[in-house]
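The primary structure of each chain is shown beneath.
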Amino acid sequence: MTGSVFFTDPADGHAADVEEYAAALTQEKVPFERLDGPGLNRRFPQFNTAHRNLSAIYQKDGGFVNAGLANAVHTQLARARGAEILENTKVTKIEKQAGELLLITTDKGDRFTAGKLIISAGCWNNNLLKHFDMQVSITCTQEQVSYFATPNLKEFLPERFPVWMSVGKTFDYYGIPINPGVNTGVKIAADCSGNICTPDTRTFDAHPERLQAATEFLGDFLPRAVGPLLYTKTCLYELTPDRHFILDSLACKGFPNVYAFMGCGHGFKFASLVGKIFAQLAVTGQTEYPLSENFRIDRPALQLMDVRGNVTFGHRDHLKLPGT
């Protein structure tokens, strides 16, 4: 737990985003504190905001999860309960059998018969949904995160520096403190900034213009974090047109025993809850948690919006098709 800061310059036209965040916290009775630019600088001097007109929210219970450790724990807990995990294995065919049984074939020649199936394959989801004569409107984007070797390491440890996000005119930047034992750099990334791609056309190379823009933002708002670039890594987002999750069965296609999930680039933090929901659905057909209509796989936004056309995600308009 590090605390979290969410801020914007009202002149950039996104003050409503802060108010929406504040309203959600208020509705859930989560305490928070409003800060302006000078107030943010007093709370965390690492932010170069004493002279800025900002609207900010500080929430003391915010923080981050060690993703590598969390995934390892999930994996070990599953194996301890008898699950077999087949790494680097591709599903090549899913065939309907008698009743509700399904025959799943992999590229290694494995064949499995199952009565229930959960599909959670990120940008590869449509490759599996096609076996049920279904495709959904998702856009795959290549994102990147960068880590800088600050010479002021102690100032950016979790006990001194928060998780943060800035909603801006061009990009929404976010970052976390140095994560001891995992990395020695300050992280910065832009949310939903990458070029549109496919799982087959993505690269593992950093986009130089986006790296330059992130470096400049860091130098402007967090100058004491700036140091040599340690590394930049790429990842993929799978985005629905409305950026809501898909968390539903394929009952609309006649397969109530098949479930699908899409996390829209931020599903990891919900992994434990989503896993529990799907486990309950697979075992009993019901879950104790109310599922929003916004998560349905046949909702209007997924049927009517063309993600290859003039669609923006949030307020962003810089997502581009390959080659543009």
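Refer to the structure above for everything that follows.
Residues numbered from 1 in each chain as written. Predicted model: local features only at pLDDT ≥ 70, side-chain atom pairs only at ≥ 80, totals over all residues. Heavy atoms only, no water.

Q: Help me understand the side chain of histidine 14 in this model?
A: Within the secondary structure, histidine 14 sits in the loop between strand 1 (4-8) and helix 1 (15-27). The buried category is assigned to histidine 14, whose relative accessible area is 11%. At a separation of 3.4 Å, a polar atom in the side chain of histidine 14 contacts the main-chain carbonyl oxygen of aspartate 12. A distance of 3.4 Å separates the side chain of histidine 14 from the backbone oxygen of glycine 168, its partner in a polar contact. (Helix = DSSP H or I, 4+ residues; strand = E, 2+ residues; numbered from the N terminus. Buried < 20%, exposed > 50% of the residue type's maximum accessible area, 1.4 Å probe, protein only. Polar contact = N/O pair within 3.5 Å; in protein donor to acceptor, adjacent residues only side chain to side chain.)

Q: Mind showing me how you'd approach the nonpolar core here?
A: What tends to happen in soluble globular proteins is that the nonpolar side chains get buried as a cluster. One finds Phe7, Leu40, Phe47, Trp164, Tyr173, Ile188 and Leu222 to be the most contacted residues of the largest nonpolar core, which totals 27 residues. The element best represented in this core is helix 5 (residues 208-221), accounting for five residues. Residues in contact with leucine 40, not counting those within four places in the same chain, are Val5, Phe7, Leu35, Phe47, Thr49 and Leu54. Ranked by size, the runner-up nonpolar core spans 20 residues in total, among them Ile104, Leu129, Val258 and Met262. (Core = buried A, V, L, I, M, F, W, Y, C linked by side-chain atoms within 4.5 Å. Contact = heavy atoms within 4.5 Å.)

Q: What exactly am I supposed to notice about helix 5 here?
A: Side chains of residues three or four places apart in an α-helix project in the same direction, reflecting 3.6 residues per turn. The end-to-end C-alpha distance of helix 5, which contains 14 residues, comes to 20 Å, matching closely the 20 Å that a straight helix rising 1.5 Å per residue would cover. Taken together, the buried residues of helix 5 touch strand 1, strand 8 (139-148), strand 9 (163-167), strand 10 (172-175), strand 11 (186-191) and strand 13 (229-239). (Expected span 1.5 Å × (residues − 1).)

Q: Which parts of the structure should I look at to understand the pairing of strand 11?
A: Each regular strand displays side chains that alternate between the two surfaces of the sheet. With six of its six residues buried, strand 11 lies for the most part within the structure. Residues of strand 11 alternate between two faces, with Val186, Ile188 and Ala190 on one and Lys187, Ala189 and Asp191 on the opposite face, all of them buried. Pairing between strand 8 and strand 11: four bridges, direction antiparallel. Residue pairing across strands places tyrosine 147 opposite lysine 187, the latter belonging to strand 11. As paired strands, strand 10 and strand 11 are joined by three bridges and run antiparallel to one another. Across the sheet, tyrosine 173 pairs through a bridge with alanine 190, a residue of strand 11. (Pairing = 2+ DSSP bridges.)

Q: Help me understand the pattern of salt bridges, please; the structure alone is not making it clear to me.
A: Proximity of charged atoms lets side chains of opposite charge pair with each other. All told, the structure shown has twelve salt bridges when counted by the stated rule. For arginine 43, the salt bridge goes to glutamate 33, with nearest N and O atoms at 2.2 Å. Of this pair, arginine 43 sits in helix 2 (residues 37-43) while glutamate 33 sits in strand 2 (residues 33-35), and the two are ten residues apart along the sequence. For arginine 43, a relative accessible area of 35% gives the class partly exposed. Residues aspartate 61 and lysine 60 are paired through a salt bridge, measuring 3.2 Å at the closest nitrogen-oxygen approach. The class of aspartate 61 is partly exposed, set by a relative accessible area of 37%. (Salt bridge = Lys/Arg side-chain N within 4 Å of Asp/Glu carboxyl O.)

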